[in-house]
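Here's the letter readout for the chains.
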Amino acid sequence: MTVTHRSISVASEASFGSIDTSTGLPSASGLSFISLPCERDPIVIYGDVVVNERNEGRDGPHGLPPEPDTVWSGSSRVQRRTGQVQITIDFTTVGADANTYAGTGLGKLLNAGFLTSLPLFTSADTVTGDDVNFFTPTTTNTNYKIGGIVSSLIGGRCEYAGVTSNNRAGAGKIGVSPAFSDEPTTIYPLQTWYVPTSTSSGQVVESLCFRVDGVGFRTYAYGCKLASLNISVTNGRLMGQFTFQAALIQDDHGNATGPVEPVVLGGATQHFRNSYVVVSSPVTHSRSNIAGTTGEELDRIALDAEGFTFNISNTLAPKGFSNNILAMSDMEVATVDLECTITLSSVKSDIANDFKDRVIRQVLIGTGPVGNGKGMALFIPAGYLTVDPNKYDVSGDIVKQVLTYKHSRFGGDVGTTQPANTPIRLALGI
């Protein structure tokens, strides 16, 4: 009996599906894999065969082998499966020793579903807090990317805001929204992933190849892009359930070498503790773009949130062709759907009429701890309710208010260089 210790590793693909142009078949040669510290149970041998049933006439009650949808290499059919790869992993940050997630497994998972942006300052910036919505940086003001997310520790609690301008009123100040609870004195940078818009719509940083390793088995999944990301809280810990669509899945059991110990990042595992869920005052610039050098700077309303879910679904559209075994040249993100549900343990009357009045607010979910290489935030710059907040949940011991948000257009960031004015953003501390 063989034990099923197993691991899953990920690599960035230089080209979609890692196709060897001399054969039209995929090759993992040259790919640099990183073993992921993810939950074990979802790691299985993925995929289902694609076949055409043989339904021609016959002289009796017998069946015929189905015809695999594949290509030939010489005189032999090539194995071909397609399907989804599932990864469940927590959000442990990179720590103070690195200034990007580009070379990390977690960064690669996010890169397959979003575009990303790095600030140009890489450690804590001691700032002059002029107001809860703007401050004067010590570092060069343009080191703050408009649309990026920054964090601070105020009153011992982790707070976050989006940068709406980096030359506020022409004075070199940084404008942020929603507001901090007090004037910040220290600002920490975060790498921001975002859903692109306009001419960048449908783009992601890269496609991925996954390799499943175990005792006596090895499987590759080529041409993988993010189909969905479901973020929730388990005993305070933020967990991400990633689902990737694979263009091709193949086994390589003959070259199995056994499972690979995961690479664990040196930062902190992010928890929904010592942090806030914040909604802003109503967004003014949703369908229109703000003018001038001062971005939209909104007030904050802190919510008594006991939990949340943050679910993103990408509709992937294959760019079909017959040139190789993948049957596609790429997969693009055709549409993006977001549903963010926040459960409040105390009813917030400020937002009672938001559904009825079609009010749009910023929604920002923060986690702890914050610091160099630490922190995580989920940000909807323009969120609207899809359920009536007056329909309380009275099924338990206390009255709860459940808020369900989707993303709308945002135009309150100064300028057009993304991540400015993008509709969904996720950030991790660097």
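One structure accompanies this document, and this report is about it. (Residues numbered from 1 in each chain as written. Predicted model: local features only at pLDDT ≥ 70, side-chain atom pairs only at ≥ 80, totals over all residues. Heavy atoms only, no water.)

Here we take up the overall build of the chain. Of the regular secondary structure elements, the chain holds 2 helices and 29 strands. Out of the 430 residues belonging to the chain, those deemed buried represent 53%. Of the contacts formed within the chain by residues at least 6 apart in sequence, a portion of 75% connects residues at least 24 apart. A total of about 18,100 Å² of accessible surface is found on the chain, and carbon and sulfur atoms cover 47% of it. In the chain, 30 positive and 39 negative side-chain charges are present, and the distance between their average locations comes to 1 Å. (Helix = DSSP H or I, 4+ residues; strand = E, 2+ residues; numbered from the N terminus. Buried < 20%, exposed > 50% of the residue type's maximum accessible area, 1.4 Å probe, protein only. Contact = heavy atoms within 4.5 Å. Areas by Shrake-Rupley, 256 points an atom, 1.4 Å probe, with all protein chains shown as cover. Lys, Arg positive; Asp, Glu negative; His and termini not counted. Charge placed at Lys NZ, Arg CZ, Asp CG, Glu CD.)

A few words now on the pattern of salt bridges. Under the counting rule described, the total for this entry stands at 19 salt bridges. The partner of Lys319 in a salt bridge is Glu332, and the shortest N-O contact between them spans 3.8 Å. In this pair, Lys319 sits in strand β24 (residues 305-320) while Glu332 sits in strand β25 (residues 328-344), placing the two residues 13 residues apart along the sequence. Several salt bridges converge on common partners, so that one network encompasses Arg54, Glu56, Glu67 and Arg77. (Salt bridge = Lys/Arg side-chain N within 4 Å of Asp/Glu carboxyl O.)

Okay, the nonpolar core next. Within the largest apolar cluster, 59 residues are counted, with the highest numbers of intra-cluster contacts made by Ile87, Phe210, Phe242, Phe244 and Phe310. Ranked by the residues each element gives to this core, the list is headed by strand β20 (residues 217-234), at 6 residues. Counting 20 residues, the second-largest nonpolar core is a separate cluster that includes Phe16, Val204, Leu316 and Leu326. (Core = buried A, V, L, I, M, F, W, Y, C linked by side-chain atoms within 4.5 Å.)

So, on to the environment of Lys173. Mapped onto the elements, Lys173 comes out in strand β17 (residues 173-177). Along the chain, Lys173 and Val50 lie 123 residues apart, while their C-alpha atoms are 57 Å from each other. In contact with Lys173, other than residues within four places in its own chain, are Asp130, Phe134, Phe135, Thr136, Pro137, Ser165, Asn166, Asn167 and Arg168. A distance of 3.3 Å separates polar atoms of two side chains, one belonging to Lys173 and the other to Asp130. A polar contact is formed between the side chain of Lys173 and the side chain of Thr136, at a distance of 2.7 Å. (Polar contact = N/O pair within 3.5 Å; in protein donor to acceptor, adjacent residues only side chain to side chain.)

A separate point is the environment of Tyr46. Here Tyr46 is to be found in the loop between β4 (34-35) and β5 (48-49). Sequence separation between Tyr46 and Tyr220 is 174 residues, and the spatial gap between their C-alpha atoms is 8.9 Å.

Turning next to the pairing of strand β23 (residues 300-303). Of the two faces of β23, the one lined by Ile301 and Leu303 is fully buried and the one lined by Arg300 and Ala302 carries no buried residue. Where strand β22 (residues 277-280) and β23 come together, 4 bridges link them in antiparallel fashion. In the sheet register, Val279 faces β23, and the bridge partner there is Ile301. (Pairing = 2+ DSSP bridges.)

Next up on the list: the packing of aromatic side chains. Any aromatic ring pair is given by two values, namely how distant the centres are and how the planes are angled relative to each other. What the rule picks out here adds up to 9 aromatic pairs. Both rings, one in Phe33 and one in Tyr220, keep their centres 6.1 Å apart while their planes meet at 50°; by these two values the pair is tilted. You can see Phe33 sitting in the loop between β3 (25-26) and β4 and its partner Tyr220 sitting in strand β20, a full 187 residues away along the chain. Judged by centre distance (5.0 Å) and plane angle (55°), the ring pair of Phe210 and Phe244 falls under tilted. Taken together, the positions of Phe210 in strand β19 (residues 208-214) and Phe244 in strand β21 (residues 237-251) put the pair 34 residues apart, joining distant regions of the chain. Grouping residues by exposure puts Phe210 and Phe244 together as buried. Counting every residue linked through ring pairs, the aromatic cluster contains Phe91, Phe210, Phe242 and Phe244. It is Arg168 that lies over the ring of Phe134; its NZ or CZ is 3.7 Å from the centre. (Phe/Tyr/Trp six-rings, centres within 6.5 Å; stacked < 30°, edge-to-face > 60°. Lys NZ or Arg CZ within 6 Å of the ring centre and 35° of its normal.)

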